[in-house]
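Structural overview for review
Spelled out, the chains give:
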Amino acid sequence: SAVISQKPSRDICQRGTSLTIQCQVDSQVTMMFWYRQQPGQSLTLIATANQGSEATYESGFVIDKFPISRPNLTFSTLTVSNMSPEDSSIYLCSVTDRLPETQYFGPGTRLLVL
Amino acid sequence: QKEVEQDPGPLSVPEGAIVSLNCTYSNSAFQYFMWYRQYSRKGPELLMYTYSSGNKEDGRFTAQVDKSSKYISLFIRDSQPSDSATYLCATPAEKLTFGTGTRLTIIP
């Protein structure tokens, strides 16, 4: 399975600011995803990061709030814009390997917004 | 109705016990099921992957799918303190859909 790293691993931010989270994979992968996991809850898909085109966002998530880049097959970024305390969460990237139904996750970025 | 439902627990059992973790799903068309394990402050890791009905065994772990009742289970034999984690079931509906996760603690 792919090895996935995320930066930063955690951050504390002030409301109104923005944070960009990086996801790096050690091999080329077709699909990359960004999830949010709020305290005590399961994973919610934010968007699918498409290489060479705009990300595909899930209901309730918009590009202005969560802009995503995918410049190549091994790297993606998620920006959390104009943050509020409600954005405090763990943000995870994931990738698919050979089986499209199976996803592998990065270690996550723990974000606290004050 | 949620596509995948899971008892959030928490569940505490003594070391060495057999653990049973369960999920139900709503759509009989679902055929692939996964179990993920998530340690505290870590991302989920794929534990087991099953297709259709029946059992799949991997060491101390057994995944079971009962399509007639739309019920999936994960059994852990000879449970160890290192098994303490949150376990999430998942199935690829229109997108990969997760249960809420069951927090498991194995007491030494």
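Structure shown above.
The following refers to the structure shown. (Residues numbered from 1 in each chain as written. Chains lettered and ligands numbered in written order. Predicted model: local features only at pLDDT ≥ 70, side-chain atom pairs only at ≥ 80, totals over all residues. Heavy atoms only, no water.)

A word on the nonpolar core. Formed by 26 residues in total, the largest nonpolar core has its most connected members in W34(A), I46(A), F66(A), I68(A), L78(A), Y91(A) and L111(A). Of all the secondary-structure elements, those providing two or more residues to this core are strand 3 (19–25), strand 4 (32–37), strand 5 (43–49), strand 8 (75–80), strand 9 (89–96) and strand 11 (109–113) of chain A. In terms of residues, this core owes the most to one element, strand 3 of chain A, which gives four residues. Not counting residues up to four positions away in its chain, the partners in contact with I68(A) are W34(A), A47(A), A49(A), A55(A), Y57(A), S76(A), T77(A) and L78(A). Residues C23(B), Y25(B), W35(B) and I106(B) belong to the second largest nonpolar core, which totals 22 residues. (Core = buried A, V, L, I, M, F, W, Y, C linked by side-chain atoms within 4.5 Å. Buried < 20%, exposed > 50% of the residue type's maximum accessible area, 1.4 Å probe, protein only. Helix = DSSP H or I, 4+ residues; strand = E, 2+ residues; numbered from the N terminus. Contact = heavy atoms within 4.5 Å.)

Okay, the state of the cysteines next. Residue and element names in this part refer to chain A. Tallied over the full model, the rule gives two disulfides over all chains. Two residues, C23 and C93, share a disulfide whose sulfurs are 2.0 Å apart. Judged by the torsion about the S-S bond (70°), the C23/C93 disulfide is right-handed. Linking C23 in strand 3 with C93 in strand 9, this pair joins segments that are 70 residues apart in sequence. Note on C93: relative accessible area 0%, which makes it buried. The structure places no disulfide on C13, whose sulfur is separated from the nearest cysteine sulfur, that of C93, by 18 Å. Exposure remark for C13: the relative accessible area of 8% places this residue in the buried category. (Disulfide = S-S within 2.5 Å.)

Overall, the coordinates contain ten aromatic pairs over all chains when judged by the stated rule. Relative to F30(B), the ring of Y25(B) has its centre 6.0 Å away and its plane inclined at 35°; by these criteria the two rings are tilted. Like Y25(B), the residue F30(B) is buried in the burial classification. Look at Y25(B) and F33(B): their rings are 4.7 Å apart centre to centre, the planes differ by 45°, and that puts the pair in the tilted class. As far as burial versus exposure is concerned, Y25(B) and F33(B) are alike and both buried. A connected cluster of aromatic rings, assembled from ring pairs, spans Y35(A), F105(A), Y36(B) and F98(B). (Phe/Tyr/Trp six-rings, centres within 6.5 Å; stacked < 30°, edge-to-face > 60°.)

All names here are of chain A. With six of six residues buried, strand 4 is to be regarded as a mostly interior element. Sheet topology note: the strand 4/strand 5 ladder contains six bridges and is antiparallel. From the neighbouring strand, Q37 faces strand 5, where its bridge partner is L43. Taken together, strand 4 and the strand that follows it, strand 5, pair antiparallel across an intervening segment of five residues, in which G40 is found at a positive phi of about 75°. Sheet topology note: the strand 4/strand 9 ladder contains six bridges and is antiparallel. Bridge pairing in strand 9 places M32 opposite V95. (Pairing = 2+ DSSP bridges.)

Another aspect to go through is the interface of chain B and chain A. Contact residues are listed per partner, giving 17 residues for chain B and 18 residues for chain A. Overall, the association of chain B and chain A removes approximately 1400 Å² of surface from exposure, summing both partners, and the carbon and sulfur fraction of that is 56%. The three residues of chain B that bury the most area against chain A are R41(B), P44(B) and F98(B), which together make up 31% of that side's buried surface. Here chain B is connected to chain A by zero salt bridges. Among the secondary structure elements, those contributing two or more residues to the side of chain B that touches chain A are strand 4 (32–38), strand 5 (45–51), strand 9 (85–92) and strand 10 (96–98) of chain B. It is strand 4 of chain B that contributes the most residues to the side of chain B that touches chain A, four residues altogether. Its residues assigned to classes, the side of chain B that touches chain A shows ten nonpolar, four polar and three charged. (Buried area = accessible area lost by both parts, 1.4 Å probe. Salt bridge = Lys/Arg side-chain N within 4 Å of Asp/Glu carboxyl O. Nonpolar A, V, L, I, M, F, W, Y, C, P; charged D, E, K, R; others polar.)

Residue and element names in this part refer to chain B. The five strands are arranged 1-3-8-7-6 in an open sheet whose pairing can be described as antiparallel. Edge positions in the sheet fall to strand 1 (4–6) and strand 6 (54–58), since each of these pairs with one other strand and no more. Within this sheet the neighbouring strands show an average axis-to-axis angle of 20°, counted without direction. The pairing of strand 1 with strand 3 (residues 19–25) spans three bridges and is classified as antiparallel. Within strand 3, the position partnered with V4 by the bridge is Y25. (Axes fitted to C-alpha atoms, helices over the stretch in contact; angles between N-to-C directions.)

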